[in-house]
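Here is what each chain is made of, one letter per residue.
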Amino acid sequence: MRVVTIRTVGGEYEVHIGPGVRRSTRTLLPAGARRAAVVTQEGIGIDLDIDLESRTFLLPQGEAAKSMVCVEELCSGFAEWGLGRSDVVVAVGGGVVSDVAGFAAAVYMRGVAYLNVATTLLAQVDAAIGGKTGVNLAEGKNLVGAFWQPTAVVCDTDALSTLPPRAWTSGRGEVAKCVFLGGLLGLSRDELADYERSWLTGLSVEEQIFRCVSVKAAAVSSDERESDVRALLNYGHTLAHALEGLFLVRDDADVLHHGEAVAIGLMFAARLAHRLGRIDAERVEFHREVLEHFALASEIPSGLRAAELVSFMRRDKKARHDLTFVLDGPRGVELVRAVPESEVLATLADMGCSR
Ligand SMILES: NC(=O)c1ccc[n+]([C@@H]2O[C@H](COP(=O)([O-])OP(=O)(O)OC[C@H]3O[C@@H](n4cnc5c(N)ncnc54)[C@H](O)[C@@H]3O)[C@@H](O)[C@H]2O)c1
């Protein structure tokens with residue numbers, strides 16, 4: 001088992017990674033809890049031995065579950081059952097479950113403890129860690145939420161054996177992002193080059209998860225709330241969120257899953273950085289190589305208008321009414337504000353969007 005400690009202003013918690021670690025879940029529950037509200041989805045079927053009186057609450061599938069309605073239904077269910085302030089919510093699932101159950105835990109009785117048993121690759125490398133919880137609005141993704149840290153995160157690699165192929169692909173999008181974030185680990189320039197290359201050497205899934213969690217721990221620990229360091233975790237995400245937002249309002253969220261959109265966003269960020277003179281063509285090529293290594297598509301779906309995507313990008317939470325991106329450059333990946341709209345539109349057009 002590998003353990004990564006996440007340090008936040010409110011305290012610290014552990015992420016347990018490895019085969020069979022879900023069996024240690026009962027040891028990670030908060031002392032004093034008598035009841036556990038297990039929030040999950042049909043078809044996940046992870047057996048837990050949590051040694052508390054428990055009740056299961058099922059969420060619907062997909063982004064539809066990330067709604068205020070589902071949060072209200074969950075909280076009503078908790079109240080009806082009698083879940084108390086000292087009890088615990090246990091989220092068993094992917095990013096959808098941890099986002100919704102975490103948000104419900106954050107607001108139910110002004111906050112009850114919750115524990116994440118992450119069962120998708122994406123949740124194990126990213127969504128279950130760091131305390132960002134929330135739901136969507138019709139106007140866009142993750143527009144309502146709270147920072148609410150779990151008491152622990154369990155990443156059992158055995159749980160991934162039943163994962164559908166698309167969930168693997170989506171998870172690999174977030175893994176690919178971490179290849180470029182070694183700077184957060186404090187590596188020197190020479191070490192960084194070796195670190196990035198080492199990702200392409202066939203690492204075990206457990207090692208990949210450990211590395212991603214370590215990157216996330218470094219960012220979250222230095223900067224729990226969103227500011228410049230934590231924002232680096234959003235590499236590839238400005239376009240990804242725009243794509244997801246656009247398909248969400250079209251009621252077609254299944255076109256691109258989160259990590260698939262991030263993969264496209266990574267390619268876009270590399271091409272934009274190149275256009276802005278921040279990186280050379282070889283570096284763009286390395287991005288392509290990484291995406292190919294992880295079997296990720298990097299093309300923007302056809303038929304999209306650049307201007308429409310830009311209007312979604314302006315709503316990005318990193319932006320302050322300007323166009324803000326996380327971009328690679330001579331000092332590594334960093335936050336770049338006030339990127340000219342003309343450069344963004346031109347990069348999108350280069351990638352096949354209509355003007
Ligand atoms: N809060 C954060 O920091 C953060 C970070 C990244 C992504 N997210 C959010 O995460 C969500 C995506 O998460 P996801 O990719 O895990 O998708 P998901 O939660 O929708 O899970 C994908 C599918 O796999 C199923 N599943 C889960 N575990 C399984 C298992 N072990 N075996 C079989 N099936 C299983 C789920 O029921 C679902 O049908 C998005 O809403 C995204 O916005 C949040």
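Before any of the text, the structure's been laid out above.
Each value, and the rule that gives it
Residues numbered from 1 in each chain as written. Predicted model: local features only at pLDDT ≥ 70, side-chain atom pairs only at ≥ 80, totals over all residues. Heavy atoms only, no water. Helix = DSSP H or I, 4+ residues; strand = E, 2+ residues; numbered from the N terminus. Rg over C-alpha atoms; globule rule 2.2 N^0.38 Å. Buried < 20%, exposed > 50% of the residue type's maximum accessible area, 1.4 Å probe, protein only. Contact = heavy atoms within 4.5 Å. Areas by Shrake-Rupley, 256 points an atom, 1.4 Å probe, with all protein chains shown as cover. Lys, Arg positive; Asp, Glu negative; His and termini not counted. Charge placed at Lys NZ, Arg CZ, Asp CG, Glu CD. Salt bridge = Lys/Arg side-chain N within 4 Å of Asp/Glu carboxyl O. Core = buried A, V, L, I, M, F, W, Y, C linked by side-chain atoms within 4.5 Å. Phe/Tyr/Trp six-rings, centres within 6.5 Å; stacked < 30°, edge-to-face > 60°. Pairing = 2+ DSSP bridges. Axes fitted to C-alpha atoms, helices over the stretch in contact; angles between N-to-C directions. Parallel < 35°, antiparallel > 145°, perpendicular 65-115°, else oblique. Left-handed = near helix turned anticlockwise from the far one by under 90°. Nonpolar A, V, L, I, M, F, W, Y, C, P; charged D, E, K, R; others polar. Near = heavy atom within 4 Å. Polar contact = N/O pair within 3.5 Å; in protein donor to acceptor, adjacent residues only side chain to side chain. Right-handed = clockwise from strand over helix to strand, strands pointing away.

Caption draft 1: Inspection of the overall build of the chain at higher detail. A count of helices and strands for the chain gives 13 helices and 11 strands. For the chain, whose C-alpha radius of gyration is 20 Å, the value lies close to the compact-globule estimate of 20 Å for 355 residues. Reported as C-alpha extents along the three principal axes, the dimensions of the chain are approximately 60 × 40 × 35 Å. Counting every position in the chain, which comprises 355 residues, the buried fraction comes to 58%. Partitioning the contacts of the chain with sequence separation of at least 6, the portion at a separation of at least 24 is 72%. Of the roughly 14,700 Å² of accessible surface on the chain, 50% is carried by carbon and sulfur atoms. If the 37 positive side-chain charges of the chain are averaged to one point and the 47 negative ones to another, these points end up 3 Å apart.

Caption draft 2: Seen up close, the pattern of salt bridges. Considering all chains together, one arrives at 26 salt bridges under this definition. Note that Glu-196 and Arg-283 form a salt bridge whose closest N and O atoms lie 2.8 Å from each other. Of this pair, Glu-196 sits in helix 6 (residues 189–198) while Arg-283 sits in helix 11 (residues 281–293), placing them 87 residues apart in sequence. For Glu-196, a relative accessible area of 9% translates into the label buried. Sharing partners across several salt bridges, the network here consists of Asp-126, Glu-174, Lys-177 and Lys-216.

Caption draft 3: Region of interest: the nonpolar core. Among the nonpolar cores identified, the biggest contains 85 residues, and Val-344 and Leu-348 are the most heavily contacted of them. Sort the elements by how many residues they give to this core and helix 10 (residues 258–275) lands first, with 11 residues. Setting aside residues no more than four positions away along its own chain, Val-344 makes contact with Phe-268, Leu-272, Val-310, Met-313, Leu-323, Phe-325 and Val-339. By size, the runner-up hydrophobic cluster in this structure holds 25 residues, among which are Ala-65, Val-96, Val-100 and Val-135.

Caption draft 4: Local environment of the packing of aromatic side chains. Going through the model one piece at a time under the given rule, you end up with seven aromatic pairs. Ring geometry for Phe-180 against Phe-286: centres 5.8 Å apart, planes inclined by 75 degrees, an arrangement best described as edge-to-face. Of the two residues, Phe-180 is situated in the loop between helix 5 (165–179) and helix 6 and Phe-286 in helix 11; the sequence distance between them amounts to 106 residues. For Phe-180, a relative accessible area of 5% puts it in the buried group. For Phe-286, a relative accessible area of 6% puts it in the buried group. Through pairs of rings, three or more aromatic residues link up here, namely Phe-57, Phe-78, Trp-81 and Tyr-108.

Caption draft 5: Region of interest: the sheet that holds strand 9 (residues 152–156). With respect to topology, seven strands assemble into an open sheet ordered 1-2-9-6-5-3-4, the strand pairing being mixed. The sheet is open, and its two borders are formed by strand 1 (2–8) and strand 4 (53–59), each paired with just one other strand. Adjacent strand axes in the sheet meet at a mean angle of 20 degrees, parallel and antiparallel pairs treated alike. Where strand 6 (residues 113–118) and strand 9 come together, three bridges link them in parallel fashion. The partner of Ala-118 across the bridge, within strand 9, is Cys-155. Its contacts with the sheet place helix 3 (residues 95–107) against strand 3 (35–41), strand 4, strand 5 (88–93) and strand 6, and it is angled at close to 170 degrees to strand 5.

Caption draft 6: Just the packing of helix 5 against helix 7 (residues 205–222), in detail. Orientation of helix 5 relative to helix 7, taken along the N-to-C sense of each, is 55 degrees, at an axis distance of 10 Å. By the criterion of interaxial angle, the relationship of helix 5 to helix 7 is oblique. Where helix 5 crosses over helix 7, the handedness of that crossing is left-handed. For the pair helix 5 and helix 7, contact is made by Trp-168, Val-175 and Cys-178 and by Val-205, Gln-208, Cys-212 and Val-215, respectively. Residue composition of the contact of helix 5 with helix 7, grouped by class: six nonpolar, one polar and no charged.

Caption draft 7: A look at the site of the ligand. Close to the ligand lie 25 residues, the nearest being Gln-41, Gln-61, Glu-63, Thr-120 and Lys-141. Here an oxygen atom of the ligand sits 2.4 Å away from a polar atom, N or O, in the side chain of Gln-61. Between Thr-119 and the ligand, the recorded distance is 2.7 Å, taken from a side-chain N or O atom to a nitrogen atom. When isolated, the ligand has an accessible area of 870 Å², and the protein chains bury 87% of it. Counting only elements with at least two residues in the shell around the ligand, the list comes to helix 3, helix 4 (121–127), strand 8 (140–147) and helix 5.

Caption draft 8: Broad picture of the packing of helix 10 against helix 13 (residues 341–350). It is the contact of helix 10 with helix 13, at a shortest axis distance of 10 Å, that shows an interaxial angle of 125 degrees. The orientation of helix 10 with respect to helix 13, classified from their angle, is oblique. The way helix 10 lies across helix 13 gives a crossing that is right-handed. Facing helix 10, whose interface residues are Phe-268, Arg-271, Leu-272 and Arg-275, helix 13 presents Glu-343, Val-344, Ala-346, Thr-347, Leu-348 and Asp-350. For the contact of helix 10 with helix 13, the class distribution of residues is five nonpolar, one polar and four charged.

Caption draft 9: Representation of the pairing of strand 5 in the model. Among the six residues in strand 5, six count as buried, and that is most of the element. Side chains Val-88, Val-90 and Val-92 of strand 5 all project onto a buried face; the interleaved residues Val-89, Ala-91 and Gly-93 project onto the opposite face, where all are buried too. As defined by bridge partners, strand 3 adjoins strand 5 across four bridges and the pair is classed as parallel. Paired with Ala-37 across the strands is Val-89, a residue of strand 5. In the sheet, strand 5 pairs with strand 6 via six bridges, with the strands oriented parallel. When the sheet's bridge partners are listed, Val-92 is paired in strand 6 with Val-117. Assessed by its sense of winding, the connection that carries the chain from strand 5 through helix 3 to strand 6 is right-handed.

Just distances and angles here, no functional claims.
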